[in-house]
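# Coordinate inspection notes
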Amino acid sequence: MTLKLRASMSAQQTYNVAVIGAGAIGLNHIESFQKHPDASVVALAEVSPERGREAADKFNVPELVTDYKQLLARDDIHVVSIALPNYLHAPVALEALQAGKNVMIDKPMATNATDAAKLVEEAKKQGVLLMVGQNNRMTPQVQTAKQMIERGDLGDLYHAKTAMTRPSGIPRIGSWFTQTKFAGGGSIYDIGVHALDRCLYLMGEFEASSVSGQTYSQFGPRGIGDGNWGKGEIDPNKPFDVDDLAIALIKLKSGRTVLLEASWAAYMEHGADFTQVFGTDGGLIVPSMKFTHADESGQGQVTEEAPLLPTLVNPNRMAHFIDALQGTAEPFIKPEESLALQRILDAIYESARTGAEIRL
Ligand SMILES: NC(=O)c1ccc[n+]([C@@H]2O[C@H](COP(=O)([O-])OP(=O)(O)OC[C@H]3O[C@@H](n4cnc5c(N)ncnc54)[C@H](O)[C@@H]3O)[C@@H](O)[C@H]2O)c1
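Residues numbered from 1 in each chain as written. Predicted model: local features only at pLDDT ≥ 70, side-chain atom pairs only at ≥ 80, totals over all residues. Heavy atoms only, no water.

### Side note on the overall build of the protein
The condition that has to hold: Only DSSP runs of H or I covering at least 4 residues are called helices, and only runs of E covering at least 2 are called strands; the numbering of each starts at the N terminus. Radius of gyration here is computed from C-alpha atoms only, and the compact-globule reference equals 2.2 Å multiplied by the residue count raised to the power 0.38. For every residue, the accessible area obtained with a 1.4 Å probe (protein chains only) is divided by the maximum for its type, and the residue is called buried under 20%, exposed over 50%, and partly exposed between those limits.
Within the protein one finds eleven helices and 15 strands. In summary, the protein has a C-alpha radius of gyration of 21 Å against a globular reference of 21 Å for 360 residues, a match within 12%. With the C-alpha coordinates aligned to their principal axes, the bounding extent of the protein is approximately 65 × 50 × 35 Å. Counting over 360 residues, the protein shows a buried share of 55%.

### Remarks on the side chain of Ser175
The condition that has to hold: Throughout this description, a polar contact denotes any pair of N or O atoms lying within 3.5 Å of each other; where both atoms belong to protein, one of them has to be capable of donating a hydrogen while the other can accept it, and for residues adjacent in sequence the pair is counted only when both atoms sit in side chains. The criterion used for residue contact is that any of the two residues' heavy atoms lie within 4.5 Å.
You can see Ser175 is positioned in the loop between β7 (157-165) and α8 (180-183). Here the side chain of Ser175 touches Pro171 through a polar contact of 2.8 Å, landing on its backbone oxygen. Those residues within four positions of Ser175 in sequence are excluded, and the remaining contacts are Glu233 and Ile234.

### A closer look at the sheet that holds strand β8 (residues 208-216)
Two pairing modes exist for strands in a sheet, parallel and antiparallel, and in both the strands are linked by backbone hydrogen bonds. Note the threshold: Strand pairing requires that DSSP identify at least two bridges connecting the strands.
Strand order in the open sheet formed by nine strands is β14-β13-β12-β11-β7-β10-β9-β8-β15, and the pairing between neighbours is mixed. The open sheet has two edge strands with one neighbour each: β14 (301-305) and β15 (358-359). Of the pairings in the sheet, the one linking β7 to strand β10 (residues 257-263) comprises seven bridges and is parallel in character. When the bridges of β10 are listed, Lys161 appears paired with Leu259.

### Considering unusual backbone geometry
Note that the residue after Lys107, namely Pro108, is joined by a cis bond; omega there is -10°. Note that Pro108 resides in the loop between β5 (102-105) and α6 (113-126). Val286 connects to Pro287 through a cis peptide bond whose omega is 5°. Inspection of the secondary structure puts Pro287 in the loop between β12 (282-286) and β13 (290-294). Phi is positive for Arg172, which is not a glycine, with a value near 65°. Not every positive phi belongs to a glycine, and Met289 is a case in point at roughly 65°. Of note, Met289 is situated in the loop between β12 and β13.

### Focus: helix α7 (residues 140-150)
Counting buried positions along α7 gives eight out of eleven residues, so the element sits mostly inside the fold. Those residues of α7 not exposed but buried are Val142, Gln143, Thr144, Ala145, Lys146, Gln147, Met148 and Ile149. Of the surrounding elements, those touching the buried residues of α7 are β7, α9 (187-203), β11 (272-279), β12 and β13. Immediately downstream of α7, the backbone of Gly152 shows phi near 90°, a positive value.

### Digging into the site of the ligand
Short version of the rule: Here, proximity means that at least one heavy atom of the residue falls within 4 Å of the molecule or strand. Charged means Asp, Glu, Lys or Arg here, nonpolar means Ala, Val, Leu, Ile, Met, Phe, Trp, Tyr, Cys or Pro, and polar covers whatever is left, Gly included.
Lining the immediate surroundings of the ligand are 28 residues, of which Glu46, Asn86, Trp176, Trp229 and Lys231 lie closest. Between the ligand and Asn135, the relevant distance is 3.1 Å, taken from a nitrogen atom to a side-chain nitrogen or oxygen of the residue. Classifying every residue of the shell around the ligand by side-chain character gives 13 nonpolar, nine polar and six charged.

### Quick look at the packing of aromatic side chains
Heads up, the rule is: Put simply, two rings from Phe, Tyr or Trp (the six-membered ring, in Trp's case) pair if the centres are within 6.5 Å, and we call them stacked under 30 degrees between planes, edge-to-face over 60, tilted for the rest. Two thresholds decide whether a charge sits over a ring: the Lys NZ or Arg CZ must be within 6 Å of the ring centre and within 35 degrees of the ring normal.
Counting across every chain of the model gives seven aromatic pairs. Geometrically, the ring pair formed by Tyr87 and Phe182 is tilted, given 5.1 Å between the ring centres and 55° between the ring planes. With Tyr87 in the loop between β4 (79-82) and α5 (89-98) and Phe182 in helix α8, this pair connects stretches of sequence that are 95 residues apart. Taking the centre distance of 6.4 Å and the plane angle of 75° together, the rings of Phe240 and Trp264 count as edge-to-face. With Phe240 in the loop between β8 and β9 (245-252) and Trp264 in the loop between β10 and β11, the pair connects residues that are 24 residues apart, well separated along the chain. Side by side, Phe240 and Trp264 carry an identical accessibility label, which is buried. A cation sits over an aromatic face here: Arg137 above Phe332, 5.8 Å from the ring centre.

### As for the sheet that holds β5
What counts here: Lines fitted to C-alpha atoms define the axes here, with helix axes fitted over just the stretch in contact, and angles between the N-to-C directions of these axes take values from 0 to 180 degrees.
Spatially, the six strands line up as an open sheet ordered β3-β2-β1-β4-β5-β6, and their pairing is parallel. Where the open sheet ends on each side, the last strands, each with one partner, are β3 (63-65) and β6 (130-132). The average angle at which neighbouring strand axes cross in this sheet is 20°, direction not considered. Sheet analysis places β4 next to β5, joined by four bridges and oriented parallel. The residue bridging Ser81 from the neighbouring strand is Met104, located in β5. Most of the contacts of helix α2 (residues 24-34) go to strand β2 (residues 39-45), to which it runs at about 160°, and overall it touches β1 (15-20), β2 and β4. Sheet strands in contact with α5 are β1, β4, β5 and β6, and its direction is about 165° off that of β5.

### Topic: the pattern of salt bridges
Note on pairing: side chains with opposite charge can pair once their charged atoms come close. Our working rule: Each reported salt bridge corresponds to a side-chain nitrogen of Lys or Arg within 4 Å of a carboxyl oxygen of Asp or Glu.
Counted according to the given criterion, the structure contains 22 salt bridges. A salt bridge links Arg51 to Glu233, with the shortest nitrogen-to-oxygen separation between them at 3.1 Å. Here Arg51, found in helix α3 (residues 49-59), pairs with Glu233, found in the loop between β8 and β9; they are 182 residues apart in sequence, far enough to count as distant. The class for Glu233 is exposed, based on a relative accessible area of 56%. One salt bridge connects Glu357 with Lys251, and the closest N-O pair in it is separated by 4.0 Å. Taken together, the residues Glu357 in the loop between α11 (335-354) and β15 and Lys251 in strand β9 connect sequence positions 106 residues apart. The partly exposed category is assigned to Glu357, whose relative accessible area is 36%.

Set out below in structure tokens:
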């Protein structure tokens, strides 16, 4: 993809970045951009004056505002990085794109595919870069697996299992994460999205033909399974109305299948965080890198640990975003992929709600 950068930007050596949201991951956004020699985080928007001040002081960000619109009006800001509660991703990203900014959004892209599609369209119209920060596919393990798959070590992939599960890790009961109107969904939107993105990236296919899903909410409503992620305010009186465990069977357009499992809380000794791909000549699990293939006789199997290969892309997603703007890297996470992923996430909820398989 060749990015048509705005004429005013093409000569830029340094990209001025505004981060919106200084909660748990907003700090990571600032720090990650600051690691790129040609990025400068010049402004921060945060509705909590205390969290905003603490972050601005810690990272020496010169301008702090409570209203992000002030930053969108600044002509000298080239990149807007969104670290907000899920329900604000699409509206704020759309405004930023309309203002001609390049936009990095943390996952999930939006809380529904209709809104996500508007972002893809607007980014194209403006000729700016739009990327969803799916950092899980940028790890050295996933990058090695991708290269092994592409050079044919596993033969043809036909099935995968992918999971991100925790025994006790709800991102604080009573926070925005546990309310549908702010989060859009629970464990699926929060961590299932990571497990699914890295799996579909490895399979090289994002379009699904059908989805069958089920969601559960067994821990949160009882006030158990709490974790400690996030910095936003807690209201213990707000009902927990999202999933804390969800599963799905996804059939891809090619006919290949994916089993997805996500949970914030469930009775189990350990959580899991893996993607396992099955091919005609081998199977591989990330991040353990256990590679299983036929033995010399062709009748049995052997398992070995695959050595890590150099990554295809900078694992720092914010630094990669700047590389992509500079044209030194091809944009690694395509907005169309994130949109297709969003359609699957929506279909999981739709299937759980209706009890039917959803055809896409
Ligand atoms: N990629 C990852 O690995 C990863 C990890 C954690 C969170 N996330 C995503 O990042 C996003 C933020 O999550 P978090 O954990 O930082 O949440 P958080 O609750 O810790 O932080 C959100 C921040 O946004 C601020 N905010 C709310 N409305 C605002 C507005 N209108 N203007 C400015 N600031 C506003 C809040 O005051 C809060 O400080 C979520 O969408 C989450 O899914 C991604």
